[in-house]
Structures are given as structure tokens and as C-alpha cells.
Amino acid sequence: MKFGWLISSLLLSMMMYGQVDHWESIVHDTMPWHYMIPDNTTSADWTSPTFDESAWMSGKGGFGFGDNDDSTQVPPGTISVYHRLQFNVDNWNFIGKVVFNIDYDDAYVLYLNGFEIARNNITSSGPPAWDAPADGQHEAVIYQGGYPEQLVFEIAEISSYLLVGQNVLSVETHNVSVNSGDLTSRVFMQVGILNNNNYFLPTPNWFIPPMEFTQSNLPIVVINTYGVEIPDEPKID
């Protein structure tokens, strides 16, 4: 009985720690990003905060072939696009959680200050080659009323990647083939603010904050696929 009470108390303490007051956006997809269509001469350190991006093009996200969810058009036949955005945070102490939303077609790798923090639909180890195809097709969803992929991090999970002052978010998006008729890359970064002050931008109207529990007598596991069915086979993330 005492052991069960201790476990419940620890769970409650963990859930109450760093409780978010409200959510704001640091990065919207339609902000001006620096971007390029890579080739075999592209520097391997393009995700680094110290990389000189001045020779890159600049354009609003999302990036793609120019349909309804793309603000900046890239040439048909593009197998991959790299884009970077610098943002400034002078103090991370009032932030409890960080959420990235990615809407993509067909694969992506996400970097924060040069460190990979997520990828999907491209499973090669290490940084993918610039001309590596996605593992398969993946359709963007925001334009059709769907909810984009959501990655939730406690601030402690990524604190070693964060910088006081200027930070850089880098994304590489890969197409399934040069013959594909679509390519999309739209990236958002939301933060959970621990106080009632406002620091950044409003969140998109479609944004769903990650669920937070304030009390429980039992361990709770929540699985949210944001509308994606869970079949027996094949397995999905």
C-alpha cells in the first residue's frame, strides 16, 4: 500500500511539474526561410548555427511544386530541398515544452542547432545523401483539413540542443522520386509558456496542444494518431 501511494505521488508530481499556462508560436511555415536545392557540392555543415547561408535563396514556406500548400515554388523533378530559419530566444526558463508540427511530402529530417531531433519516412543511418529518395509516399495533410505530424518534447529533453540568443531550425525534405508530381515542406515550432506573459506569436488556428494531466491515481498512457488509422499491418509510427 505504501509503495503504491509513493508511485501515485511521484506520478502526480511529475505531471504537475512545469505545467504549461498557454501556447505560442516561434516558427510559422510562412516566415522567410533561407533555402536551396542541394547537389553534390553542398556543404555537409549546412545545419550548423555558424553556417553562412547568405548565398542561399530566401522565400516563404511551405516549399513545393506550386500547388495550394506551397508559398515558394521549387523546380519539378526536385528530389530534395534544404531550408533554414534563424530565431531568437533570450531565456528558455519560462518554456516548459516544445512542439514541432511538420506537414510533408514525402520525407523529412529535422535539425535544431545542427543536431538531428527527428526524421520520418527516410531510414538511412546518418544524414541522408542529398539525392536520397524517401522510403515511400507520404501525403501532406493541412491543405485537405488534416492535422500535421506533431513532435512533443519536454524542455529537459532538448535543453542540450538549445542556445541562449540565436538558434537555427534546419529541415531537409526528400521526394519519393524525381518523377513525383508533388513535394511539400511546411514546418512549425510551438512552445508551452509556463507563465501568463506573451513573448512570441499566436499559434495556428488548427494547433492542438498536447494533452496534460494535472492529477491521477494511476499511470496513464495516451496514444493519439491525429486521425491516422492503426492497422494490424503494416506498422505505423
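Everything numeric in this text was worked out from a predicted model, so none of it was measured.

## Considering the overall build of the protein chain
Now for step 1: Across its full length, the protein chain carries two helices and twelve strands.
Now for step 2: Along its sequence from the N terminus, the protein chain presents helices and strands in the succession α-β-β-β-β-β-β-β-β-β-β-α-β-β.
Now for step 3: Counting all 237 residues of the protein chain, 45% fall into the buried class.
Now for step 4: Considering only residue pairs separated by 6 or more positions, the protein chain has 79% of its internal contacts joining residues 24 or more positions apart.
Now for step 5: Carbon together with sulfur atoms contributes 55% to the accessible area of the protein chain, which is approximately 12700 Å² in total.

## Notes on the nonpolar core
Now for step 1: Core analysis: the biggest nonpolar cluster contains 35 residues, and Trp33, Phe87, Phe100, Leu110 and Leu169 have the highest contact counts within it.
Now for step 2: The biggest single contributor to this core is strand β7 (residues 95-105), with five residues.
Now for step 3: Excluding anything up to four places from it in sequence, Phe87 contacts Ile26, Val27, Trp92, Leu112, Gly165, Gln166, Asn167, Val168, Leu169 and Met189.
Now for step 4: Membership of the second largest hydrophobic core comes to eleven residues, among which are Phe51, Tyr82, Val109 and Ala134.

## Examining the sheet that holds strand β9 (residues 115-120)
Now for step 1: Spatially, β3-β2-β6-β11-β8-β9 is the arrangement adopted by the six strands of the open sheet, whose pairing is antiparallel. On the outer flanks of this sheet lie β3 (57-60) and β9, each paired with one strand and no other. Neighbour to neighbour, the strand axes of the sheet diverge by 25 degrees on average, direction disregarded.
Now for step 2: Inspection of the sheet shows strand β2 (residues 32-36) paired to β3 by four bridges, in the antiparallel sense. Counted as the bridge partner of Pro32 is Lys60 from β3.

## Brief notes about a nonpolar patch on the surface
Now for step 1: The grouping of Met211, Ile220 and Val222 at the surface amounts to a nonpolar patch, some 290 Å² of accessible area in total.
Now for step 2: Inspection of the secondary structure assignment puts Val222 in the segment after β12 (184-193).

## Digging into the pattern of salt bridges
Once their charged atoms are close, side chains differing in charge can pair, the charge on each being opposite to the other.
Now for step 1: Within this structure, the stated rule accounts for four salt bridges.
Now for step 2: Across the pair Asp29 and Arg186 runs a salt bridge whose closest N-O atoms are separated by 2.6 Å. Taken together, the positions of Asp29 in the loop between β1 (22-27) and β2 and Arg186 in strand β12 put the pair 157 residues apart, joining distant regions of the chain.
Now for step 3: Taking relative accessible area as the criterion, Asp29 reaches 5% and is therefore assigned buried.
Now for step 4: When its relative accessible area of 14% is taken as the criterion, Arg186 is described as buried.
Now for step 5: Of the charged contacts, one joins Lys97 and Glu154 as a salt bridge, the two residues approaching to 3.1 Å between their closest N and O atoms. Of the two residues, Lys97 sits in strand β7 while Glu154 sits in strand β10 (residues 149-154), which places them 57 residues apart along the sequence.

What counts, and where the lines are drawn
Residues numbered from 1 in each chain as written. Predicted model: local features only at pLDDT ≥ 70, side-chain atom pairs only at ≥ 80, totals over all residues. Heavy atoms only, no water. Helix = DSSP H or I, 4+ residues; strand = E, 2+ residues; numbered from the N terminus. Buried < 20%, exposed > 50% of the residue type's maximum accessible area, 1.4 Å probe, protein only. Contact = heavy atoms within 4.5 Å. Areas by Shrake-Rupley, 256 points an atom, 1.4 Å probe, with all protein chains shown as cover. Core = buried A, V, L, I, M, F, W, Y, C linked by side-chain atoms within 4.5 Å. Pairing = 2+ DSSP bridges. Axes fitted to C-alpha atoms, helices over the stretch in contact; angles between N-to-C directions. Patch = residues over 30% accessible without salt bridge, like charges linked within 9 Å, V, L, I, M, F, W, Y side chains within 5 Å. Salt bridge = Lys/Arg side-chain N within 4 Å of Asp/Glu carboxyl O.

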